[in-house]
Amino acid sequence: MFHIEMIEYFAYVYLRSLSLNNTIDIIQVWFEKDILSKDILLNHLEKLIDKLPSFSETTKIFQPTRSGYYAWDGLWFKYHGQDRVLLICFDVVSLDIINYQIALDENYQTYRKFINKINQTEPDILSKTKGFYLDGELGLMKLLRKKYPSAPRQLCVFHKYSRAGQLIPFKHIKNDIDMEIKKKVETILFAKLKQEAIDSLEDLKKFAKENKNYKKLKEMVGVLKRNFDLLLTHFDHPEMSPYNNVLEGFNHIIKRRIRLMKGFKKEINIDRRLKLILSDYRFHKIKSSKFPSRNDKSPLELAGVKLPNHFNWMKLAREKSIR
């Protein structure tokens, strides 16, 4: 019924409008006809996505350069009321996605399968890692420690601060002792020197003994002690940030896009939709970055890929995959 380039246009509208209904409305305004329904649109999108190269195939076609600094994260979402987790490995320098895996849980085994998938596509990149950024998932930390013991691992300080804030809501302090705890936690996590962080944790432990009847304080010490050495990695590796802000920005974008999957009923469509969403991210031009060198470049271009001038990444990817 429609030429493939028109269907690609439908996909672009869909990706930018964040709604199937909005996509149909926009297309019908253009044609001035009632030519689309959800079922017809979904059917066209499914066939289009299947014609696009897989995520791993795109990497092999364009061969992005890797920085050696990778962030790992699990992004949970609901699909028809059931939990799913999107496992992501992300290059924090180029902002490109190394790869992804959809799983029912986030643990040692699922990350092991994910790492095997990465190694099948780019065999050498993880063994040559310069540093990993983590959010604290125990199975992942155990796996990386086992497989890549020499690679520095930095636990995101902001994630730890957020976890501490779950015990005591730092934005809504109600008493003097909680305010004192907040100050001590911030002194530990945002210390300028490694020894300052270590000494500040000891000070919090001492404070906890003096107030041993305050249960939250004991729990707070436990939260900060857990993998404390991984919070200090950046002091010994100053090229690594204690934060993982670029991944947080990426997650904000992808969470909005994942809402696009509402309305898709087939299990196979989870991977289809994520393939489209994440591939679109790799080709999209970055705008309004606080780093001017990133503006008007896609993550693939920041990874050293020389892309020809184009307005339709789907057509470009299809044509490259045929060669």
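For the structure, check the block above.
Everything in this summary refers to the structure shown in the same document. (Residues numbered from 1 in each chain as written. Predicted model: local features only at pLDDT ≥ 70, side-chain atom pairs only at ≥ 80, totals over all residues. Heavy atoms only, no water.)

1. Some remarks on the packing of helix α13 (residues 245–258) against helix α14 (residues 268–283)
So, point 1. One way to put it is that α13 packs onto α14 with a least axis distance of 10 Å and a crossing angle of 145°. Helix-helix and strand crossings are classified by hand; for α13 and α14 the assignment is right-handed. Facing α13, whose interface residues are F250, I253, I254, R257 and I258, α14 presents L274, I277, L278 and Y281.
So, point 2. Considered class by class, the residues forming the contact of α13 with α14 number 8 nonpolar, no polar and 1 charged. (Axes fitted to C-alpha atoms, helices over the stretch in contact; angles between N-to-C directions. Helix = DSSP H or I, 4+ residues; strand = E, 2+ residues; numbered from the N terminus. Left-handed = near helix turned anticlockwise from the far one by under 90°. Contact = heavy atoms within 4.5 Å. Nonpolar A, V, L, I, M, F, W, Y, C, P; charged D, E, K, R; others polar.)

2. Comments concerning the sheet that holds strand β4 (residues 131–134)
So, point 1. Taking strand neighbours across the sheet as the criterion, the 5 strands line up as β3-β2-β1-β4-β5 in an open arrangement whose pairing is mixed. Where the open sheet ends on each side, the last strands, each with one partner, are β3 (97–103) and β5 (153–155). Neighbouring strand axes in the sheet, compared pairwise and without regard to direction, differ in orientation by 20° on average.
So, point 2. Note: strand β1 (residues 69–79) against β4, 3 bridges, orientation parallel. Bridge pairing links A71 to Y133 in β4. (Pairing = 2+ DSSP bridges.)

3. Thoughts on the pairing of β3
So, point 1. Of all the 7 residues making up β3, 5 are buried; the element is thus mostly covered by neighbouring parts of the structure.
So, point 2. As judged from the 6 bridges shared by strand β2 (residues 82–91) and β3, these two strands associate in the antiparallel manner. Paired with C89 across the strands is N99, a residue of β3.
So, point 3. The hairpin formed by β2 and β3 contains 5 residues between the paired strands, and L95 there has a positive phi angle of roughly 70°. (Buried < 20%, exposed > 50% of the residue type's maximum accessible area, 1.4 Å probe, protein only.)

4. Here's the deal with α13
So, point 1. With 14 residues, α13 should reach 20 Å at 1.5 Å per residue; the first-to-last C-alpha distance of 20 Å fits that figure.
So, point 2. Of the residues making up α13, those classed as buried are L247, F250, N251, I254, R257 and I258. Looking straight down α13, one finds its buried side chains confined to an arc of 125°; they lie on one side. Exposed residues on α13 whose side chains face more than 90 degrees from its buried face are N245 and H252.
So, point 3. Packed against the buried residues of α13 are α1 (4–17), β1, β2, β3 and α14. (Expected span 1.5 Å × (residues − 1). Arc of directions from axis to C-beta.)

5. Remarks on the nonpolar core
So, point 1. L86, F90, F250, I254 and L278 are the most contacted members of the largest nonpolar core, which totals 55 residues.
So, point 2. Considering each element in turn, this core owes the most residues, 8 residues, to α1.
So, point 3. Not counting residues within four places of it along the chain, the set of residues in contact with L278 comprises F55, L86, I88, I97, Y100, F250 and I254. (Core = buried A, V, L, I, M, F, W, Y, C linked by side-chain atoms within 4.5 Å.)

6. Here we look at the packing of aromatic side chains
So, point 1. Per the stated rule, a full pass over the model turns up 14 aromatic pairs.
So, point 2. Considering the side-chain rings of W72 and F114, the 5.8 Å spacing of their centres and the 85° angle between planes classify their relative orientation as edge-to-face. With W72 in strand β1 and F114 in helix α5 (residues 108–121), the pair connects residues that are 42 residues apart, well separated along the chain. We note that W72, like F114, is buried. (Phe/Tyr/Trp six-rings, centres within 6.5 Å; stacked < 30°, edge-to-face > 60°.)

7. Examining the side chain of Q154
So, point 1. Relative to the helices and strands, Q154 is located in strand β5.
So, point 2. Residue Q154 is classed as buried on the basis of its relative accessible area, which comes to 0%.

8. Some remarks on a positive patch on the surface
So, point 1. The grouping of R112, K113, K142, R145, K146 and K147 at the surface amounts to a positive patch.
So, point 2. Of all the elements in the fold, those that place two or more residues in the positive patch are α5 and α6 (138–147).
So, point 3. It is α6 that provides the largest number of residues to the positive patch, a total of 4 residues.
So, point 4. In this fold, K146 is placed in helix α6.
So, point 5. When its relative accessible area of 62% is taken as the criterion, K146 is described as exposed. (Patch = residues over 30% accessible without salt bridge, like charges linked within 9 Å, V, L, I, M, F, W, Y side chains within 5 Å. Areas by Shrake-Rupley, 256 points an atom, 1.4 Å probe, with all protein chains shown as cover. Salt bridge = Lys/Arg side-chain N within 4 Å of Asp/Glu carboxyl O. Lys, Arg positive; Asp, Glu negative; His and termini not counted. Charge placed at Lys NZ, Arg CZ, Asp CG, Glu CD.)

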